Amino acid sequence: GQRRKSSSWARRARMKGIVDTGATLHLLKDESTPELIDSVESNKPVTGFSGNMSQRVAREGYQHMHFYDPQNAKKRGVTLKLPVSTMKNIEDNIFSASKLVKGMRFKCNLRPDPLEGQEPCPDDWEGFFKVQGGVLHRIPIHYDADERMWHMYYGVGVSPSDAVRDGKLNHRTGCDTSILV
């Protein structure tokens, strides 16, 4: 496989993607994906977004990604090596909930908003989680009421440590991490 570098590697904008229960693959903007591991060109068709339009995947490969909670630096992050596809000219990076739940055995926890006048409970955590080797691994997700979507925040790299470093830079503070392979 090939590795390729993108001029966007130096970007410091916070990277995020939407959680999509209908997506069958993790789909990233081609121009925002610095390097893919074992990258191959692809022309796999993708449909079901923006109406019935169809586009083709540009590349397929793997990416080390460190997911973190942008609202809480003390929470542990999780680093995963995910199979990803890239596509040109898409608006959002997309993470497949079905790949995480059915393919990687994560559970998903979503909560309703508290009733008017009530404060959120401390256990109103939302995200993907699983216990592996006796350790709880959590991928936090955050709901955007304006967009009516859940988002995942992450850093990327060619190695787990590069992804953690990028996630910390995106997060702007250090946080505890766990690496899951």
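Only a predicted model underlies this, so the values are computations on that prediction, with no experimental measurement involved.

**Concerning the overall build of the protein chain**
Then, in step 1: Assigned secondary structure in the protein chain consists of two helices and 14 strands.
Then, in step 2: Here the contacts in the protein chain between residues at least 6 apart in sequence split such that 66% fall between residues at least 24 apart.

**Here we look at the pairing of strand S10 (residues 127-132)**
Then, in step 1: Summarising the sheet, strand S9 (residues 107-109) and S10 pair through three bridges and their orientation is antiparallel. The residue of S10 that forms the bridge with asparagine 109 is glycine 127.
Then, in step 2: Pairing of S10 with strand S11 (residues 135-140), which is carried by six bridges, proceeds in the antiparallel orientation. In the sheet register, glutamine 132 faces S11, and the bridge partner there is valine 135.

**Quick word on the layout of surface pockets**
Then, in step 1: Each pocket or cavity is described by its volume, and for the largest pocket that value is around 400 Å³.
Then, in step 2: The wall of the largest pocket is formed by 19 residues, among which Gln71, Asp124, Trp125, Glu126 and His142 lie closest to the centre.
Then, in step 3: At the level of elements, S11 and strand S12 (142-144) are the ones that each hand at least two residues to the lining of the largest pocket.
Then, in step 4: Its residues assigned to classes, the lining of the largest pocket comprises nine nonpolar, three polar and seven charged.

**Examining the nonpolar core**
Then, in step 1: Within the largest apolar cluster, 20 residues are counted, with the highest numbers of intra-cluster contacts made by Phe67, Phe128, Ile139 and Met152.
Then, in step 2: Considering each element in turn, this core owes the most residues, four residues, to strand S7 (residues 77-87).
Then, in step 3: Among the nonpolar cores identified, the runner-up in size contains nine residues, and Ala23, Leu25, Met87 and Ile94 belong to it.

**Thoughts on the sheet that holds S9**
Then, in step 1: Read from one edge of the open sheet, three strands run S9-S10-S11, paired in antiparallel fashion. Here the strands that pair on one side only, and so sit at the sheet edges, are S9 and S11. Mean inter-strand twist for the sheet, computed between neighbouring axes without regard to direction, equals 30°.

**Some points on the side chain of glutamate 126**
Then, in step 1: Its location among the elements puts glutamate 126 in the loop between S9 and S10.
Then, in step 2: Engagement of the side chain of glutamate 126 in a polar contact is seen with the backbone nitrogen of arginine 111, the distance being 2.8 Å.
Then, in step 3: Beyond its immediate sequence surroundings of up to four residues, glutamate 126 is in contact with Asn109, Leu110, Arg111, Ile139, Pro140, Ile141, Tyr143 and Trp150.

**As for the pattern of salt bridges**
Then, in step 1: Applying the stated criterion across every chain, the model contains three salt bridges.
Then, in step 2: Its salt-bridge partner being glutamate 41, residue arginine 59 comes within 3.9 Å of it at the nearest N-O pair. With arginine 59 in strand S6 (residues 59-68) and glutamate 41 in strand S3 (residues 37-41), this pair connects stretches of sequence that are 18 residues apart.
Then, in step 3: Of the charged contacts, one joins arginine 165 and aspartate 162 as a salt bridge, the two residues approaching to 2.4 Å between their closest N and O atoms. Of this pair, arginine 165 and aspartate 162 both sit in helix H2 (residues 160-171), three residues apart, which is roughly one turn of that helix.
Then, in step 4: The partly exposed category is assigned to arginine 165, whose relative accessible area is 48%.

Basis of the calculations
Residues numbered from 1 in each chain as written. Predicted model: local features only at pLDDT ≥ 70, side-chain atom pairs only at ≥ 80, totals over all residues. Heavy atoms only, no water. Helix = DSSP H or I, 4+ residues; strand = E, 2+ residues; numbered from the N terminus. Contact = heavy atoms within 4.5 Å. Pairing = 2+ DSSP bridges. 1 Å grid on protein atoms, 1.4 Å probe; cavity = no way out; pocket = protein on both sides within 12 Å on 5 of 7 lines; lining within 4 Å. Points joined across faces, edges and corners; volume = space filled by probe spheres on them. Nonpolar A, V, L, I, M, F, W, Y, C, P; charged D, E, K, R; others polar. Core = buried A, V, L, I, M, F, W, Y, C linked by side-chain atoms within 4.5 Å. Buried < 20%, exposed > 50% of the residue type's maximum accessible area, 1.4 Å probe, protein only. Axes fitted to C-alpha atoms, helices over the stretch in contact; angles between N-to-C directions. Polar contact = N/O pair within 3.5 Å; in protein donor to acceptor, adjacent residues only side chain to side chain. Salt bridge = Lys/Arg side-chain N within 4 Å of Asp/Glu carboxyl O.

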